Amino acid sequence: LCMGFLSLTQFTTTLNDLFGAQFGRVFGGSELKRRLAVAITVLPLCLARDLSALKHTSMLGFAAVIYSAGFVAVRCIDGSYHPGGKFYGLPTGADLAGIAKVSPAPPIGAWAFGWGSLSYVGSLNTAYNNHLNVPAYWRTFAKGSVDRLATRRGFKLLTYLSFGFAALVYMIVLTCGTFTFRDVGLQGLLLLQYAAADPGAQIMRFATLLSVLTCFPLFFQNLRDIAASVFLRKAKPEPNEKSAVAMVLLALISTASVFAQDAAQILAINGSLMGNLVIFTLPAIYSIAARRRAGDNAIGGPLKQHTMAALIALALYGAVSSVLGTKAALKNS
């Protein structure tokens, strides 16, 4: 619940920045107008009872990801953002969005380690953040299935392919983006570092804006359902109750995004605070408890001494990383 809330806060902050970059002249640099525009835009999607129409937009999001990765790679190769390049030193998307610039951190050695490293590791914990949607994906995938074993195998294969593709895209964007702006340093969203006059960057920002807008309600409605079941203590809340919960959640998310300086900040906090717990600590604790309860009948066999030691180490790593990573993210902000 907390991780989903922080993820949507990050989405809202990203939308606010992208709205500013794409429609900066419309809002006249007003932060309040941008945030109101974001809230008004996502409200109907968050209150919709049927999101089946959005299934067609998933291809749009997929196309936006492929285009963005290709664009970042091309700009890295053509050198247009290096000293003397066509777009070097020109006003950026961040300038259009009215995001204040800060002095980039001084360069450090490849093997240097500091607070910034912990914050970066925390951000990486959100790379495969799909925990809220997994049950919904499984229900949709398995709907009408007769052979459950074949369905599970198909879902596993689809998961491997999806995460493998995501890893490839991450490596391309991370590597090429870093080398493109190695002379000036990266600040905040990579999308906003490209020149406002770069037509390819304009397309990328607009495509990403549409992609985030269509993904937002999918995440939001799963968060709403969890919040409704937790706070209303009902397995199946009424539609009007879900709408009320949605309004409260959207108001809280919009308010929380006001206190976030940029999407990178909330990304690091979310990954450090919740990512470490959800990925490392909680699964280890659940595994220990489940195996102890099942005894010799546990899946994977009874809990052996070396397995117990590994699970305890994993739980401790997640807890310590959560504390130190969150401290680093707040320190760097």
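Residues numbered from 1 in each chain as written. Predicted model: local features only at pLDDT ≥ 70, side-chain atom pairs only at ≥ 80, totals over all residues. Heavy atoms only, no water.

1. Observations regarding the overall build of the chain
A tally of helices and strands in the chain yields 11 helices and zero strands. Each helix and strand of the chain, placed in order from N terminus to C terminus, yields the pattern α-α-α-α-α-α-α-α-α-α-α. Each of the 333 residues in the chain was classed as buried or not, and the buried ones make up 39%. Considering only residue pairs separated by 6 or more positions, the chain has 75% of its internal contacts joining residues 24 or more positions apart. (Helix = DSSP H or I, 4+ residues; strand = E, 2+ residues; numbered from the N terminus. Buried < 20%, exposed > 50% of the residue type's maximum accessible area, 1.4 Å probe, protein only. Contact = heavy atoms within 4.5 Å.)

2. Considering the layout of surface pockets
Space inside the second largest pocket adds up to approximately 150 Å³. L1, F5, L223, A227, F231, L232, V245, V248, L249 and L252 are the residues that line the second largest pocket. When contributions to the lining of the second largest pocket are tallied by element, the ones reaching two or more residues are α8 (199-231) and α9 (239-258). Per-element tally for the lining of the second largest pocket: the top contributor is α9, with four residues. Counted by class, the lining of the second largest pocket contains 10 nonpolar, no polar and no charged residues. (1 Å grid on protein atoms, 1.4 Å probe; cavity = no way out; pocket = protein on both sides within 12 Å on 5 of 7 lines; lining within 4 Å. Points joined across faces, edges and corners; volume = space filled by probe spheres on them. Nonpolar A, V, L, I, M, F, W, Y, C, P; charged D, E, K, R; others polar.)

3. Quick word on the nonpolar core
Core analysis: the biggest nonpolar cluster contains 40 residues, and L8, L15, V42, V72, Y194, F216 and F220 have the highest contact counts within it. It is α8 that provides the largest number of residues to this core, a total of 11 residues. Discounting residues that sit within four places of it in the chain, F216 has contacts with L8, F11, T12, L15, V42, C46 and L250. (Core = buried A, V, L, I, M, F, W, Y, C linked by side-chain atoms within 4.5 Å.)

4. Side note on the environment of L316
Among the structural elements, L316 can be located in helix α11 (residues 305-332). L316 sits 35 residues away from T281 along the chain, and the two C-alpha atoms are 6.8 Å apart.

5. Notes on the packing of aromatic side chains
Each pair of aromatic rings is reported with the distance of its centres and the angle of its planes. Taken as a whole and judged by the stated rule, the model has 11 aromatic pairs. Considering the side-chain rings of Y81 and F87, the 5.5 Å spacing of their centres and the 25 degrees angle between planes classify their relative orientation as stacked. Pair check on accessibility: Y81 and F87 agree, each one buried. On the basis of an interplanar angle of 90 degrees and a centroid distance of 5.1 Å, the ring pair of Y81 and Y194 is categorised as edge-to-face. Taken together, the residues span a long stretch of sequence, with Y81 in the loop between α3 (58-78) and α4 (93-97) and Y194 in the loop between α7 (148-180) and α8 at a distance of 113 residues. Looking at Y194, the relative accessible area reads 0%, which means it is buried. Ring pairs connect the aromatic residues Y67, F71, Y81, F87, F181 and Y194, which therefore count as one cluster. (Phe/Tyr/Trp six-rings, centres within 6.5 Å; stacked < 30°, edge-to-face > 60°.)

6. Notes on the pattern of salt bridges
Under the definition given, this model contains four salt bridges. Here R75 and D78 are joined by a salt bridge, their closest N and O atoms 2.9 Å apart. You can see R75 and its partner D78 sitting in helix α3, three residues apart, about one turn around the helix. Look at R75 and you get buried, because its relative accessible area is 14%. It is possible to trace a salt-bridge network through shared partners that takes in R75, D78 and D198. (Salt bridge = Lys/Arg side-chain N within 4 Å of Asp/Glu carboxyl O.)

7. Points about the side chain of S80
Relative to the assigned elements, S80 resides in the loop between α3 and α4. For S80, a relative accessible area of 8% translates into the label buried. If we ignore the near neighbours within four places in the chain, the residues touching S80 are R75, G85, K86, F87 and Y88.

8. Topic: the packing of α3 against α7
Look at α3 against α7: their axes get within 8 Å of each other, and the N-to-C directions meet at 35 degrees. The element α3 and its partner α7 pack so that their crossing is left-handed. Along the contact surface, α3 presents F62, V65, I66, A69, V72, A73, R75 and C76, while α7 presents F165, V169, I172, V173, C176, G177, F179 and T180. Tallied by class, residues from the contact of α3 with α7 come to 13 nonpolar, two polar and one charged. (Axes fitted to C-alpha atoms, helices over the stretch in contact; angles between N-to-C directions. Left-handed = near helix turned anticlockwise from the far one by under 90°.)

9. Observations regarding the packing of helix α2 (residues 31-47) against α8
Viewed as axis vectors pointing N to C, α2 and α8 meet at an angle of 50 degrees, and their least axial separation amounts to 9 Å. Considering their axes alone, α2 and α8 lie oblique with respect to each other. Here α2 and α8 pass one another in a crossing that is right-handed. For the pair formed by α2 and α8, the contact residues are T41, V42, L45 and C46 on the first element and L213, F216, P217, F220, Q221 and R224 on the second. Counted by class, the contact of α2 with α8 contains seven nonpolar, two polar and one charged residues. (Parallel < 35°, antiparallel > 145°, perpendicular 65-115°, else oblique.)

10. Thoughts on the side chain of T12
Relative to the helices and strands, T12 resides in helix α1 (residues 2-27). Beyond its immediate chain neighbours, meaning those up to four positions away, T12 contacts V38, F216, I253 and S257.

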